[in-house]
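Below, each chain spelled out in residue letters.
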Amino acid sequence: RAVAMSVSHSSRLNKLVREQYMRLPQDGRVQVTYVWIDGSGEGVRCKSRTLDKEPKSIEDVPEWNFDGSSTAQAEGSNSDMFLVPVCMFRDPFCLDPNKLVLCEVLKYNRKPAETNLRHTCKKVMDLVKDSHPWFGMEQEYTLLGINGHPYGWPDNGFPGPQGPYYCGVGADKVYGRDIVESHYKACLYAGVKICGTNAEVMPSQWEFQVGPCEGIEMGDHLWMARFILHRVCEDFGVVATLDPKPMTGNWNGAGCHTNYSTEEMRREGGLKHIEAAIEKLSKRHDYHICVYDPRGGRDNSRRLTGHHETSNIFEFSAGVANRGASIRIPRQVGQDGYGYFEDRRPAANCDPYAVTEAIMRTTVLNETG
């Protein structure tokens with residue numbers, strides 16, 4: 001009974017009835033779902049329209065608009081915002097030939113909306129394209145019941161202490177694997193560059209990884225993976241939160257660890273370029289903390305305590321195989337002398353455009369201050 005109470009009403013609708021309609025032919029017409037980031041900088045919104053034929057490239061998808069006053073992006077007196085398609089995926093919910101399309105948001109004057117951080121990220125990635133920056137981001141999230149309580153946790157009280165849950169197997173150790181595996185398959189179908197998943201240290205907390213992606217592709221693919229996650233959770237009647245510290249106390253927080261390399265870091269002798277980049281990052285810690293969550297570091301201050309596999313938010317540190325450091329060099333990279341490093345500071349609810357842009361500004365464009 002407790003589990004039934006924690007899922008949404010709509011998830012209990014008869015899905016077999018829905019399947020009857022989903023199988024109906026479309027007569028060559030195509031449903032395109034436009035996806036965008038709202039005024040919170042964290043939430044995603046979507047709406048759909050019909051095109052007369054299947055778009056073969058992003059150029060075939062027309063611009064559209066929406067009411068920005070309902071997404072905290074405009075005033076009611078001047079509320080139309082533009083949706084500019086930037087990246088297209090297959091639709092794992094309505095199936096081929098239907099599409100999911102990620103969009104940038106522009107204001108009435110065609111300037112980027114405040115939470116459109118892709119716009120400047122794209123400019124920076126164009127500047128540094130000869131470095132061939134590769135990213136892989138590890139998105140941690142927590143499953144909640146519709147009541148806001150972690151999914152599968154006892155109604156009154158807590159599960160046993162952390163230890164058996166990380167990469168765990170068994171009904172007493174993992175909660176919600178159906179959601180995780182459905183999300184994984186949906187991302188593969190969509191063409192999102194998802195590369196793995198695992199149960200995390202806190203029960204009902206999970207992680208998926210996206211990458212390797214080059215340049216702007218990192219933000220595009222992570223945002224679409226997040227949209228698909230929220231949409232899958234909706235079908236199951238639960239909520240995925242990206243809150244960096246959903247449970248206070250002796251529980252791990254949620255981050256979005258960012259793995260990064262340039263072409264010269266990946267070549268023989270690349271370790272010296274990795275160390276040079278880390279040295280630059282060490283001089284700009286405050287700037288990075290500011291852009292690594294949507295609230296200028298306030299969200300991350302609940303997570304980066306120096307405990308629970310985190311560094312302290314006020315100190316910069318780096319080390320080989322050290323999960324309590326700001327920057328971790330994997331042991332294999334230390335042995336090989338080339339590869340990549342991991343920035344462990346970004347919060348689970350970071351904007352990947354902001355994170356990847358900041359890393360490029362500091363390590364390749366040599367910005368300071």
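Residues numbered from 1 in each chain as written. Predicted model: local features only at pLDDT ≥ 70, side-chain atom pairs only at ≥ 80, totals over all residues. Heavy atoms only, no water.

Going by what an unreviewed UniProt entry lists, the protein chain is known as Glutamine synthetase and is assigned to Prunella fulvescens. Reading the Sequence similarities (unreviewed entry) entry of the UniProt record for the protein chain gives the comment "Belongs to the glutamine synthetase family." If you open the UniProt record of the protein chain and go to Catalytic activity (unreviewed entry), you find "L-glutamate + NH4(+) + ATP = L-glutamine + ADP + phosphate + H(+)". (UniProt positions renumbered as here; feature names shortened; annotations may be inferred.)

Visitor: Would you mind showing me how to read the sheet that holds strand β5 (residues 99–106) here?
Guide: Two strands in a sheet stick together by hydrogen bonds in their backbones, pointing the same way (parallel) or opposite ways (antiparallel). One open sheet holds the five strands; their spatial order is β2-β1-β5-β4-β3, and the pairing between them is mixed. Two strands lie at the open edges of the sheet, namely β2 (44–51) and β3 (64–67), each paired on one side alone. Averaged over all neighbouring strand pairs, the angle between strand axes comes to 40°, with direction disregarded. (Pairing = 2+ DSSP bridges. Helix = DSSP H or I, 4+ residues; strand = E, 2+ residues; numbered from the N terminus. Axes fitted to C-alpha atoms, helices over the stretch in contact; angles between N-to-C directions.)

Visitor: Quick question: what am I supposed to make of the environment of Val105 here?
Guide: With respect to the element layout, Val105 can be found in strand β5. Along the backbone, Val105 and Asp299 are 194 residues apart, and their C-alpha atoms lie at a distance of 25 Å. Look past the residues within four positions of Val105 in its chain and what remains in contact with it is Trp36, Ile37, Phe66, Gln73, Met81, Phe82, Leu83, Pro112, Ala113 and Asn116. (Contact = heavy atoms within 4.5 Å.)

Visitor: Explanation requested: the domain arrangement of the protein chain in the structure shown.
Guide: A common way to report how large an interface is uses the accessible area buried once the components associate. As far as domains go, the protein chain holds domain 1 (9–115) and domain 2 (125–364). The straight-line distance from the C-alpha centre of domain 1 to that of domain 2 is 26 Å. Opposite the 22 residues of domain 1 that make contact, domain 2 presents 23 residues. For the pairing of domain 1 and domain 2, the buried interface totals around 2,000 Å² over both sides, and the portion due to carbon and sulfur atoms is 68%. When the buried surface of domain 1 facing domain 2 is broken down by residue, Glu42, Phe89 and Phe93 rank first, second and third, together holding 33% of it. Across the salt bridge formed by Glu42 and Arg295, the nearest N and O atoms sit 2.4 Å from each other. Across the domain 1-domain 2 interface, the total number found is five residue pairs in polar contact (both at pLDDT 80 or more). Counting only elements with at least two residues in the side of domain 1 that touches domain 2, the list comes to α2 (15–22), β1 (30–37), β2, β4 (80–90) and β5. (Domains from an automatic or database assignment. Buried area = accessible area lost by both parts, 1.4 Å probe. Salt bridge = Lys/Arg side-chain N within 4 Å of Asp/Glu carboxyl O. Polar contact = N/O pair within 3.5 Å; in protein donor to acceptor, adjacent residues only side chain to side chain.)

Visitor: Looking at this structure, I do not really get the side chain of Thr142. What am I missing?
Guide: Assignment of secondary structure puts Thr142 in strand β6 (residues 134–144). Looking at Thr142, its side chain comes within polar contact range of the side chain of Gln205, at 3.3 Å. Excluding residues within four positions of it along the chain, Thr142 makes contact with Met202, Ser204, Gln205, Val239, Ala240, Thr241 and Pro246.

Visitor: Got a minute to help me understand the UniProt feature "domain: GS beta-grasp" (unreviewed entry) in the protein chain in this structure?
Guide: Per the UniProt record, "domain: GS beta-grasp" (unreviewed entry) is annotated on residues 30–110. As annotated, residues 30–110 comprises 0% helix and 48% strand, and the C-alpha atoms at either end are separated by 28 Å.

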